[in-house]
Amino acid sequence: MRLLFLAVLRRHTGNAITAQRVRDHLEAAGHVCILKDALDFESPSEISSFIKAESLEAAMALHLYRGGRLLPGHGIPFGIIFGGTDLNEDVKQGEKNKVMGKVLEEARFAVAFTESMKETAQRQWPHAKDKIYVQSQGIATVPSTTFNWNTFLQRSEINQSADNLHVFLLICGLREVKDPLYLVDAFSEWHREEPNVYMVIVGPEVDPVFTREVKAKVKRTAGVRLIGEMAQEDLHAVVKNCFAVVNSSVSEGMSAAILEAMDLEVPVLARNIPGNAAVVKHGVTGLLFSSPQEFVRLAKRLGGDPALEKQIVANGREYVRMYHSWQVERNTYGHLVRMLEGSSED
């Protein structure tokens, strides 16, 4: 079967990585999957022309609004994967909410990463409740074997000779919903007390205006560094070498960075929001904070309690192995895509 798969790719977000992984699953099931950036199409008529030109038989979209709104009305069956901001943010806007409800009416299936996302979608669009499936993200990490941690520290202008160096890594695209500046002031104050602690923000420049604000703030803030986008294998190597991975987002579907840190046996400190609380159980698989001050308190506790660190790391790794199997994810999408086969409408 020839499939169109729409996602927002040019932003290099976690959803883009998820889309590439799902495409690999669909191709492993024997399908031809053409992955396109939803932002490349300005109207459904452009999609219609593309479907005809490529002889496409079915479609999928990652993100109910950005990708999904382009799919109804073309005479081919399609499925949807919720992204995160569609359920957490777009749903609050009347017109977008209505559009998304209509997309779900026509979709053959919809995939939520968590039970909580599924419940949110069912509350909003009760008519779709029987077609929503839960499949958490499958995680596979491959850290680069040639990556040099000391070179990375030099590039980040971090004092490598600092006693007991602790690097906290915040991985995110620079856009407001990821709130990368949330912890900056509190962290800087802590760095002045303890010069061995650093926070490094790593990620692509998604929103140009917001990026300028982040760069200006980081430039004048002690103990905080900003690094651009990195290749996935190098990023995994950085994660493996850092003290802890941090997430300070206002909204998340399911953070791949958190799950990858757990897989790489690195502690996680995450902002206490529904998407993060769905994967981080406080004191068990990671630590949840509700304010910058609480983050610093928990980070200090983690640094001073090796037994807690060891326990969190072991539990996090086990959690990913049990609930975020890459093979189970592959099997699920192989099964779901069969719901699109042989059911094209005339």
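Nothing here was measured: the structure is a model prediction, and the numbers come from that model.

Caption draft 1: Main features of the overall build of the chain. Along the chain, the regular secondary structure elements total 14 helices and twelve strands. The C-alpha atoms of the chain give a radius of gyration of 21 Å, which matches the 20 Å a tight globule of 346 residues would have. Overall size of the chain, expressed as C-alpha extent along the three principal axes, is 70 × 40 × 40 Å. Taken over 346 residues, the chain has a buried fraction of 57%.

Caption draft 2: Focus on the pairing of strand β9 (residues 224–227). As defined by bridge partners, strand β8 (residues 197–202) adjoins β9 across four bridges and the pair is classed as parallel. What sits directly across from Ile201, in β9, is Leu226.

Caption draft 3: Region of the structure containing the domain arrangement of the chain. Segmenting the chain into domains produces domain 1 (2–138 + 325–339) and domain 2 (149–323). One C-alpha centre belongs to domain 1, the other to domain 2, and the line joining them spans 29 Å. Domain 1 puts 16 residues into the contact, and the matching count from domain 2 is 16 residues. Across the contact surface, domain 1 and domain 2 share zero salt bridges. Connecting domain 1 to domain 2 are four residue pairs in polar contact (both at pLDDT 80 or more). Its residues assigned to classes, the side of domain 1 that touches domain 2 shows three nonpolar, ten polar and three charged.

Caption draft 4: Region of interest: the pattern of salt bridges. Per the counting criterion, the structure on display carries 14 salt bridges. Taking the shortest distance from any N to any O, the salt bridge between Asp179 and Arg271 comes out at 2.7 Å. Placement of the pair is Asp179 in the loop between β7 (166–171) and α7 (184–193) and Arg271 in strand β11 (residues 268–271), with a sequence separation of 92 residues. The pair formed by Asp179 and Arg271 is uniform in burial state, with each residue classed as buried. Counted as one network, the salt bridges with shared partners bring together Asp263, Glu265 and Arg317.

Caption draft 5: Main features of the sheet that holds strand β6 (residues 132–134). With respect to topology, six strands assemble into an open sheet ordered β2-β1-β3-β4-β5-β6, the strand pairing being parallel. In the strand order of this sheet, the two ends are held by β2 (32–37) and β6, each with one partner. Each adjacent strand pair in this sheet contributes to an overall mean axis angle of 20°, direction not counted. Summarising the sheet, strand β1 (residues 2–7) and β2 pair through six bridges and their orientation is parallel. Directly across from Phe5, in β2, lies its bridge partner Leu35.

Thresholds, definitions, all that
- Residues numbered from 1 in each chain as written.
- Predicted model: local features only at pLDDT ≥ 70, side-chain atom pairs only at ≥ 80, totals over all residues.
- Heavy atoms only, no water.
- Helix = DSSP H or I, 4+ residues; strand = E, 2+ residues; numbered from the N terminus.
- Rg over C-alpha atoms; globule rule 2.2 N^0.38 Å.
- Buried < 20%, exposed > 50% of the residue type's maximum accessible area, 1.4 Å probe, protein only.
- Pairing = 2+ DSSP bridges.
- Domains from an automatic or database assignment.
- Contact = heavy atoms within 4.5 Å.
- Salt bridge = Lys/Arg side-chain N within 4 Å of Asp/Glu carboxyl O.
- Polar contact = N/O pair within 3.5 Å; in protein donor to acceptor, adjacent residues only side chain to side chain.
- Nonpolar A, V, L, I, M, F, W, Y, C, P; charged D, E, K, R; others polar.
- Axes fitted to C-alpha atoms, helices over the stretch in contact; angles between N-to-C directions.

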